[in-house]
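Residue-level structural notes
One-letter residues, chain by chain:
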Amino acid sequence: MNSTVVSSPAATSSTAPPPRLAVEVRNASVVYQTADSPVHALSDIDLNIGEGEFVSLIGPSGCGKTTLMRVIADLEKISAGEVLVNGVTPHDARLARAYGYVFQAPALFPWRNVLANVTLPLQIQGKGRAEAKATALEHLARVGLTGFEGKYPWQLSGGMQQRVSIARALSFEPKILMMDEPFGALDEITRDRLNEQLQELWQRERRTVVFVTHSIAEAVYLSTKIVVMSPRPGRIVKVIDSPLPNERHLGLRDTPAFMELAHEVREALADGHHG
Ligand SMILES: Nc1ncnc2c1ncn2[C@@H]1O[C@H](COP(=O)(O)OP(=O)(O)OP(=O)(O)O)[C@@H](O)[C@H]1O
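The model shown is predicted, which means the values in this text are computed figures rather than measured ones. (Residues numbered from 1 in each chain as written. Predicted model: local features only at pLDDT ≥ 70, side-chain atom pairs only at ≥ 80, totals over all residues.)

With that settled, consider the nonpolar core. With 72 residues, the main nonpolar core has Ile72, Val210, Val227, Val228 and Val265 as its most contacted residues. Element by element, the count of residues in this core is highest for helix H5 (residues 158-170), at 6 residues. Setting aside residues up to four positions removed in sequence, valine 227 forms contacts with Leu47, Val55, Ser56, Leu57, Ile236 and Val239. (Core = buried A, V, L, I, M, F, W, Y, C linked by C-beta atoms within 7 Å. Buried ≥ 20, exposed ≤ 12 C-beta atoms within 10 Å, placed from the backbone. Helix = DSSP H or I, 4+ residues; strand = E, 2+ residues; numbered from the N terminus. Contact = placed C-beta atoms within 7 Å.)

Moving on: the environment of serine 43. Examined against the element boundaries, serine 43 turns out to sit in strand S3 (residues 39-50). Each C-alpha atom of the pair serine 43 and tryptophan 154 lies 41 Å from the other, and the pair is 111 residues apart in sequence. When residues no more than four places from it in sequence are discounted, the contact partners of serine 43 are Ser29, Pro233, Gly234 and Arg235.

Further remarks concern the site of the ligand. Close to the ligand lie 13 residues; Tyr32, Ala41, Ser61, Thr66 and Thr67 are nearest. Put simply, the parts of the chain that give the shell around the ligand at least two residues each are S3 and helix H1 (65-72). The greatest single-element share of the shell around the ligand, amounting to 3 residues, is contributed by H1. Of the residues in the shell around the ligand, the class split is 4 nonpolar, 7 polar and 2 charged. (Near = placed C-beta within 6 Å. Nonpolar A, V, L, I, M, F, W, Y, C, P; charged D, E, K, R; others polar.)

Attention now moves to the packing of helix H3 (residues 114-124) against H5. In the contact formed by H3 and H5, the axes pass within 8 Å of each other and the chain directions differ by 30°. By the angle class used here, H3 and H5 are roughly parallel. Between H3 and H5 lies a crossing of right-handed hand. The residues of H5 that touch H3, namely those facing Val114, Asn117, Val118 and Pro121, are Val164, Ala167 and Arg168. Grouping the constituent residues of the contact of H3 with H5 by class yields 5 nonpolar, 1 polar and 1 charged. (Axes fitted to C-alpha atoms, helices over the stretch in contact; angles between N-to-C directions. Parallel < 35°, antiparallel > 145°, perpendicular 65-115°, else oblique. Left-handed = near helix turned anticlockwise from the far one by under 90°.)

Summarising burial for strand S10 (residues 236-241): 5 of the 6 residues are buried, a large majority. As judged from the 5 bridges shared by strand S9 (residues 225-229) and S10, these two strands associate in the antiparallel manner. Pairing of valine 228 across the sheet is with lysine 238, part of S10. The turn linking S9 back onto S10 is made up of 6 residues. (Pairing = 2+ DSSP bridges.)

With that settled, consider helix H4 (residues 129-142). Think of an α-helix as turning once every 3.6 residues; residues three or four places apart then point the same way. With 14 residues, H4 extends 20 Å from end C-alpha to end C-alpha; this agrees with the ideal 20 Å at 1.5 Å per step. For H4, the complete set of buried residues consists of Ala132, Ala136, His139 and Leu140. On an axial view of H4, the arc spanned by its buried residues comes to 100°, and they lie on one face. Here the buried face of H4 lies against H3 and H5. Of the residues flanking the end of H4, it is glycine 144, one or two places downstream, whose phi is positive at about 75°. (Expected span 1.5 Å × (residues − 1). Arc of directions from axis to C-beta.)

On the UniProt side, "domain: ABC transporter" (unreviewed entry) is annotated at positions that read residues 25-256 here. Spanning residues 25-256, this segment combines 34% helix with 25% strand, and its end C-alpha atoms are found 33 Å apart. (UniProt positions renumbered as here; feature names shortened; annotations may be inferred.)

Next up on the list: helix H6 (residues 188-205). Taking 1.5 Å per residue, 18 residues should reach 26 Å; H6 reaches 25 Å between its end C-alpha atoms and fits that length. Inspection of H6 places Arg191, Leu194, Asn195, Leu198, Gln199 and Trp202 among the buried residues, and these make up the whole buried set. Down the axis of H6, the buried side of the element spans an arc of 145°, and every buried residue falls inside it. Of the exposed residues in H6, those oriented more than 90 degrees away from the buried face are Ile189, Gln203 and Arg204. On its buried face, H6 sits against strand S4 (54-58), H5, strand S8 (208-213) and helix H7 (216-222). Looking one or two residues beyond H6, the residue adopting positive phi is arginine 206, at roughly 50°.

A separate point is the sheet that holds strand S2 (residues 21-32). Spatial strand order, S3-S2-S5: 3 strands in an open sheet with antiparallel pairing. Of all strands in the sheet, those bounded by a partner on one side alone are S3 and strand S5 (80-85). Between one strand axis and the next, the sheet turns through 15° on average, direction left out of account. Sheet topology places S2 next to S5; 5 bridges connect them, and they run antiparallel.

This is the structure in structure tokens:
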């Protein structure tokens, strides 16, 4: 398929100007030192993520998806290679508050209500009470949670809690949203709905998103670029630039184009296993 580009820094169309790079990973490797023996988690990773792209990392359990995300977010150090985020080191990008995080478990404070969960990081950042509240309310509205400000996390469904996490992550307008299997623990219908809402949010804001998932359907539905990884030591098997239109709805999943792309991802995953 002509839309498929094997991992290469020049993975952009020749006609459109390449987008500015949000993330550049060059020959990056991560080796964890453990008591028994070193664990080679990532090997020779090369990856470019353009500003405004929605990039999914997909691969078998333990292949290093989370490690790659943590490397980009300055939560893990590389053992070799180079990583730049918005042209600076991940450390400097973190100091510039480039990242927002959403993890698999919502990680909300159970003793704070929804509003107080979202205002907390804003207040830590030094925003006044009124400004933090206004910002939080605005972001809760963006994820469809107006009216739930006074509820406590335990009064919300898992999907709603995850939407609070997304509102909190977006509340300080990070350049890059890092999402590590955010919907992995949810039932399929809730997951579908959140996929649709996340897609709409991305359409409106075109923020750079790095998204870890085990679901081929989720990766294909959401992404502009799908990064397929091999079992440990994690390598990039294939980078697929999505040929699907940017405007997406769940019905897209029944189209031949969607199924073809899902098939391509599945094949790449299988190649990674056997390669
Ligand atoms: N702090 C650590 N010390 C030692 N080994 C680690 C550490 N963190 C991760 N690993 C190992 O590195 C490898 C990659 O882990 P990572 O969590 O990045 O994989 P993953 O693809 O995100 O897995 P999953 O899909 O199961 O969440 C795994 O074998 C894991 O056991």
